[in-house]
Amino acid sequence: MLPRRAFWLLSPLLVALPACVSSSTSAPPSTAAKADPPPPEVPFPWEAGVSTAAGTETPAAAAPPVLIRNATLWLATGKTIPRGSILLRDGKIAAVSEGELAPPEGARVLDAAGKFVTPGIIDTHSHLGVYPMPGAVAHLDGNEASSPVTPDVQTVDGFWPQDPAIERAVAGGVTTLQILPGSANLVGGRAVTLKLRPALSPRQMHFPGAPDGLKMACGENPKRTYGMARKSMPGTRMGNLAMQRKAFLEAKKHEEDWQRYRVAEANRVAEDQKKRAAHEAEALSRKKQQAQCADDPYLAACAEWQKGWDKPLDPPKPSEPGAPPPRDPAKETLIGALRGKVLVHVHCYRADDMLAMLALADEVGFEVKSFHHALEAYKIRDILAQKRVSVSTWADWWGFKMEAYDGIPENVALVHESGGIPIVHTDSPEGIQRMNQEASKALASGRRAGMRLTDEDAIRWLTANPAWALGIEKRVGTLEVGKDADVVLWDHHPFSVYASAEQVWIDGATVYEKGKKRPPWSDFELGQPTGRPTTLLPGGAP
């Protein structure tokens, strides 16, 4: 408080102050003013998760450590260890060694002299579960052929986890699948990536962290399904591209609507915050003024401040939120593809069809992760390599329709030689049981044509390259410490026609042992005269 004499000396100046400053600013705050917090983000609804299937995955089953000794290890990194050891523990690859490893306590030790260990095989193109065994009309859940553009459908909603083909694929050394919709539609819907372990729901089988795929199709199938069969669009390749272009442009419009909504909401929230901060500042200022005047009733500013105290000081009412644009899962899937969150996989055979799709991708703003079937990829292998577009194809299946006429058995090897990313896929519940032999055929064709290819190159066509195409390369695809223990032990050289998977592990748990009779995975096979014991899957009370 000022001494009485000082007050009288300064009073003319103090009286003049209220004339040039407001009552709310005449008393400085006791602490530095805080900056307004940033307005909360208004999220895009389609950014909620990496996959629509995420959230209820079954945790890896507990299993004792497994030490495999004296095996030839194909690491799929470009290196082979001729007589090495690998330790699986806690669902991961815990150690890889060129020599001996000491077994941890409780470990199961396997002497694999003369045998081979590889990463689990990954098939980027499968319809297991949506076209399950036995083939019956009642089981046809792979093509939502009621409209040529259906990005909102999801294979995870149609996958039958009781498909007996799943267990047979595992017996062939396959540990991960991408389940795609069929190719009747130009945009067929979302694909899901699964780990092949028994479960009651595909969501329990979802590969944790794996992004969804988007299935699209070029060429004959959409034309045949709609133009020829129904006399509706698309009836030509021109119609194919026109409808795909339109779908993406509409999705971009939807994204712009949401962006405008997000900006408006952020501005509204920021304005509310500003009003609330001004109210709190005014209340604090009055409180300080009143305290000062209580201490010194003769303070000249008090009379002017008093005028401000009589004004109402009600807290501001929050504004009403704006109405968001309507949700549209179809457009949201395409927006996910435009943003690279949903990986684009395109069924395409001919080189010109693939180039047209790449032009569309550049035009509207998405990237193709993999062309599937791609029998003429060898004609544009330099472009595919430069653009980092992988090629999921067969070893030697061709000629079953016009657009599949110009396939050659050297396709995989030529894509590899050009620096591209070749992948051996199946699109078949039977071929998936011997993918090692499919890769072997592609390898032999390349070598016969004079290309210098190694076994290590070919194993990557089954493991590391498909892992990259599915966005799971940090988890699987190579035998490296820290990766998921999805591993296969082969009884012979994996590219021999005599080779078969002897044991298969997923997340370090045994899912297949050759010659050991386990209960069937599928209820469909319960009671069949297979000589196998029967049991219920977890979740069913016996």
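These numbers were taken from a predicted model, which means no experiment stands behind them.

## Overview of the overall build of the protein chain
From N to C terminus, the protein chain includes 13 helices and 16 strands. Rg of the C-alpha trace for the protein chain: 33 Å, well past the compact-globule value of 24 Å for 542 residues, more than 25% over. Each principal axis of the C-alpha distribution contributes one length, and for the protein chain these read about 110 × 70 × 55 Å. For the protein chain, the residues scored as buried account for 51% of the 542 residues in total. When contacts within the protein chain are restricted to residue pairs at least 6 apart in sequence, long-range pairs at least 24 apart make up 70% of them.

## A short note on the state of the cysteines
Taken as a whole, this structure holds two disulfides when the rule is applied. Each disulfide pairs two cysteine sulfurs, and for Cys-293 the partner residue is Cys-302, the sulfurs being separated by 2.0 Å. The chirality of the disulfide connecting Cys-293 with Cys-302 is left-handed, given an S-S dihedral of about -110°. An identical accessibility class is assigned to Cys-293 and Cys-302; each is buried. Described in terms of the sequence order of its bonded cysteines, the disulfide pattern of the protein chain is 1-4, 2-3.

## Focus on the pattern of salt bridges
Counted according to the given criterion, the structure contains 37 salt bridges. When the shortest N-O distance is used, the salt bridge between Asp-353 and Arg-237 registers 2.9 Å. Pair noted here: Asp-353 is in helix H8 (residues 351-364) and Arg-237 is in helix H5 (residues 237-295), with a separation of 116 residues, a long-range link. On the basis of relative accessible area, Asp-353 is assigned to the buried category, the value being 7%. Among the ionic pairs, Arg-447 bridges to Asp-455, the shortest N-O distance being 3.1 Å. Residue class for Arg-447 comes out partly exposed when judged on its relative accessible area of 39%. For Asp-455, a relative accessible area of 23% puts it in the partly exposed group. Connected via shared salt-bridge partners are Lys-92, Lys-195, Arg-197, Arg-475, Asp-484, Asp-486 and Asp-507.

## Some thoughts on the packing of helix H11 (residues 435-448) against helix H12 (residues 455-462)
Look at H11 against H12: their axes get within 9 Å of each other, and the N-to-C directions meet at 135°. Here H12 runs oblique to H11, going by the angle between their axes. For the pair H11 and H12, the crossing hand works out as right-handed. Along the contact surface, H11 presents Met-435, Asn-436, Ala-439, Ala-442, Leu-443 and Arg-447, while H12 presents Asp-455, Ala-458, Trp-461 and Leu-462.

## Overview of the nonpolar core
By size, the foremost hydrophobic cluster in this structure holds 47 residues, and its most contacted members are Leu-128, Val-174, Ile-179, Leu-196, Trp-461, Leu-462 and Phe-495. Ranked by size, the runner-up nonpolar core spans 37 residues in total, among them Ala-337, Leu-338, Cys-348 and Val-389.

## A look at the side chain of Thr-393
As for its position among the elements, Thr-393 is in strand E12 (residues 390-393). Of note is the side chain of Thr-393, whose polar atom sits 2.6 Å from the backbone oxygen of His-373.

## Remarks on the pairing of strand E14 (residues 487-490)
Two faces make up the sheet, and in a regular strand the side chains alternate between them. Burial of the side chains of E14 extends over both faces: Val-487 and Leu-489 are buried on one face and Val-488 and Trp-490 on the other. Where strand E5 (residues 116-119) and E14 come together, four bridges link them in antiparallel fashion. Across the sheet, the residue bridging to Thr-118 is Val-488, located in E14. Bridging between E14 and strand E15 (residues 501-506) involves four bridges; their strand directions are antiparallel. Opposite Trp-490, over in E15, you have Ala-501 as the bridge partner.

## Quick word on the sheet that holds strand E8 (residues 187-195)
The strand order across the open sheet built from eight strands is E6-E7-E8-E9-E10-E11-E12-E13, with neighbouring strands paired in mixed fashion. Either end of the sheet is taken by a strand with one partner, and the two such strands are strand E6 (121-126) and strand E13 (422-424). Strand-to-strand, the axes of this sheet are offset by a mean angle of 25°, without reference to chain direction.

## Thoughts on the confidence of the model for the protein chain
Model confidence for the protein chain is summarised by a mean pLDDT of 91, while 91% of its residues fall at 70 or above. This stretch, residues 1-32, has a pLDDT under 50; its non-local contacts, to residues over four places away or in other chains, come to 34 contacts.

## Some points on the environment of Trp-258
Here Trp-258 lies in helix H5. A relative accessible area of 6% places Trp-258 in the buried class. Considering only alpha carbons, one finds Trp-258 and Pro-43, 215 residues apart in sequence, at a separation of 9.5 Å. Among residues more than four places away in sequence, those in contact with Trp-258 are Pro-43, Phe-44, Pro-45, Trp-46, Pro-324, Pro-325, Pro-326 and Arg-327.

## Structural notes on unusual backbone geometry
With the exception of glycine, most residues fall at negative phi, and the peptide bonds are largely trans. With omega at -10°, the peptide bond leading from Met-133 into Pro-134 counts as cis. Residue placement: Pro-134 occurs in the loop between E6 and helix H2 (164-171). With an omega of 10°, the peptide bond running from Met-233 to Pro-234 counts as cis. Structurally, Pro-234 can be placed in the loop between helix H4 (220-230) and H5. Its identity as a non-glycine residue notwithstanding, Lys-231 has a phi of 55°, on the positive side. For Lys-231, the location among the structural elements is in the loop between H4 and H5.

## A look at helix H7 (residues 329-338)
The element H7 is extensively covered by neighbouring structure, given that eight of its ten residues are classed as buried. Looking only at H7, the buried set comprises Ala-330, Glu-332, Thr-333, Leu-334, Ile-335, Gly-336, Ala-337 and Leu-338. Buried residues along H7 sit against E8, strand E9 (213-217), H5, strand E10 (343-348) and H8.

## Here we look at the packing of H5 against helix H6 (residues 302-309)
Viewed as axis vectors pointing N to C, H5 and H6 meet at an angle of 140°, and their least axial separation amounts to 10 Å. On the basis of their axis angle, the class for H5 and H6 is oblique. The two elements H5 and H6 meet at a crossing, and its hand is left-handed. Facing Arg-286, Gln-289, Gln-290, Gln-292 and Cys-293 of H5, the residues of H6 in contact are Cys-302, Trp-305, Gly-308 and Trp-309.

Calculation rules
Residues numbered from 1 in each chain as written. Predicted model: local features only at pLDDT ≥ 70, side-chain atom pairs only at ≥ 80, totals over all residues. Heavy atoms only, no water. Helix = DSSP H or I, 4+ residues; strand = E, 2+ residues; numbered from the N terminus. Rg over C-alpha atoms; globule rule 2.2 N^0.38 Å. Buried < 20%, exposed > 50% of the residue type's maximum accessible area, 1.4 Å probe, protein only. Contact = heavy atoms within 4.5 Å. Disulfide = S-S within 2.5 Å. Salt bridge = Lys/Arg side-chain N within 4 Å of Asp/Glu carboxyl O. Axes fitted to C-alpha atoms, helices over the stretch in contact; angles between N-to-C directions. Parallel < 35°, antiparallel > 145°, perpendicular 65-115°, else oblique. Left-handed = near helix turned anticlockwise from the far one by under 90°. Core = buried A, V, L, I, M, F, W, Y, C linked by side-chain atoms within 4.5 Å. Polar contact = N/O pair within 3.5 Å; in protein donor to acceptor, adjacent residues only side chain to side chain. Pairing = 2+ DSSP bridges. pLDDT = per-residue confidence, 0-100.

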